[in-house]
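# Structural description and commentary
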Amino acid sequence: VGEFAAREIEPRARAIDQQGVDFKEGRVVLPPALLQNIEGLKRLGVMAVNLPREVGGFNFPLTVGTALTEILSRACTNTLLLHSFYQAPAVMVLRFGGPEQIERWVRPLASGEISGAIAMTEPDAGSDLGALSTRAEPDGDGFRLTGSKQFITNGCGDVCVVLARSEAGSKGLQGLSLFVVPRVLEGKDNYRVARPEKKFVIRGSATCELAFDGSRAELLGPAGAGFKEILTFMNDARLVVGVQGLGIAEAALQAARIYAGRRVQMGRPIARHELLADLLFDMEVEVAALRALIYRTTALYDRVMGLTRPGAGARAAERRAARGGRR
């Protein structure tokens, strides 16, 4: 992945950000160079490195996936964000979905056949999820969603995990549930993707407004457990955003080093002038500190997941017994 990022992803990064996302005939059009990057990552088979093998992943710990994320962020943040929204919706369905949902949604996401989004933010409910108003009403074997979402990364994807109010009369964080909502059903749009936001940075990543008007949806996990479930995504997303910052910081550090080594003033590169040398050293220290914090976090995450997964206690007891009871 590092070689591919250096050879193909990084050289396309500027063009992707300059071109940005287009909107033609009611459809979001992503930059062709961005899609080239994703196709290359599909060929490498790294669309879902942290998912279990049983659903098409590599079964790597989060720490390995984080290293891949850092590489992509350093090369092209637009590519990182689109790549993330193949695995992120798959993780949510894997955590809370039933076997049929896992088979129907996780495998295509893991292979890169489809991409997705996770929608919770609304025009009047940003950080205040208790003000959320998108509602879900039972309809036969499923539900119908009505409402809108805003600032949804890759909202133009093929499937969306949506947080909505499923219990009539509920208030605050009670009565919320998660739903899986396909963008297209029977050849017709199931919900409307409005024109993507016009941004000053990360312009190749589509940030969309979504409109649900009786959109067909299926419940993901137990009814009423939506707030607890969406917290798991929020924790994962915070970590990814930290890694995104790390990749950008590393790219900035390397660019500064190269420039300071080439720019000559008063007979020597400015990197050898004391003030600039101190600035470069401060940058290096901050990047190293951020990297240490992130990988310490992922190591703890992996350890907790290993200790709490089903059967972990029995396997640990077997290992202790094989060592004669020694810890």
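Use the structure listed above.
Description of the structure in this document. (Residues numbered from 1 in each chain as written. Predicted model: local features only at pLDDT ≥ 70, side-chain atom pairs only at ≥ 80, totals over all residues. Heavy atoms only, no water.)

### Details of the environment of Arg-320
Checked against the element boundaries, Arg-320 lands in helix α8 (residues 312–322). Sequence spacing of Arg-320 and Ala-194 is 126 residues, and the spatial spacing of their C-alpha atoms is 58 Å. (Helix = DSSP H or I, 4+ residues; strand = E, 2+ residues; numbered from the N terminus.)

### Quick look at the side chain of Glu-122
In this structure, Glu-122 sits in the loop between β3 (116–119) and β4 (135–139). When sequence neighbours within four positions are dropped, the list of residues in contact with Glu-122 reads Leu-132, Ser-133, Thr-134, Ser-148, Lys-149 and Gln-150. (Contact = heavy atoms within 4.5 Å.)

### Concerning the pairing of strand β11 (residues 207–220)
One face of the sheet, then the other: side chains in a regular strand alternate in exactly this way. Bridging between strand β5 (residues 142–153) and β11 involves 9 bridges; their strand directions are antiparallel. Bridge assignment links Ser-148 to a residue of β11, and that residue is Ala-211. In terms of strand pairing, strand β7 (residues 176–182) meets β11 through 3 bridges, oriented antiparallel. By the bridge assignment, Leu-178 is partnered in β11 with Leu-220. (Pairing = 2+ DSSP bridges.)

### Quick word on the packing of helix α3 (residues 62–75) against helix α6 (residues 226–262)
Where α3 contacts α6, the axes come no closer than 8 Å and their chain directions differ by 45°. It follows that α3 is oblique to α6 by the angle criterion. The interaxial crossing formed by α3 with α6 has right-handed handedness. Within the contact between the two elements, α3 uses Leu-62, Thr-66, Thr-69, Glu-70, Ser-73 and Arg-74 and α6 uses Leu-239, Val-243, Gln-244, Leu-246, Gly-247, Ile-248, Glu-250, Ala-251 and Gln-254. Each residue belonging to the contact of α3 with α6 can be placed in one class, and the counts come to 6 nonpolar, 6 polar and 3 charged. (Axes fitted to C-alpha atoms, helices over the stretch in contact; angles between N-to-C directions. Parallel < 35°, antiparallel > 145°, perpendicular 65-115°, else oblique. Left-handed = near helix turned anticlockwise from the far one by under 90°. Nonpolar A, V, L, I, M, F, W, Y, C, P; charged D, E, K, R; others polar.)

### Focus on the environment of Phe-4
Mapped onto the elements of the fold, Phe-4 is located in helix α1 (residues 2–19). For the pair Phe-4 and Leu-41, spaced 37 residues apart in the sequence, the C-alpha separation amounts to 8.4 Å. In this structure, Phe-4 is in contact with Ile-9, Asn-37, Gly-40, Leu-41 and Leu-44, ignoring residues within four places of it in sequence.

### Here's the deal with the packing of aromatic side chains
Under the criterion given, the structure shown has 3 aromatic pairs. Each ring, one from Phe-143 and one from Phe-179, has its centre 5.0 Å from the other, and the planes form 65°; the classification is edge-to-face. In this pair, Phe-143 is assigned in strand β5 and Phe-179 in strand β7, connecting sequence segments 36 residues apart. Looking at Phe-143, the relative accessible area reads 17%, which means it is buried. We classify Phe-179 as buried; its relative accessible area is 0%. Aromatic pair Tyr-191 and Phe-212: ring centres 5.0 Å apart, planes at 45°, arrangement tilted. (Phe/Tyr/Trp six-rings, centres within 6.5 Å; stacked < 30°, edge-to-face > 60°. Buried < 20%, exposed > 50% of the residue type's maximum accessible area, 1.4 Å probe, protein only.)

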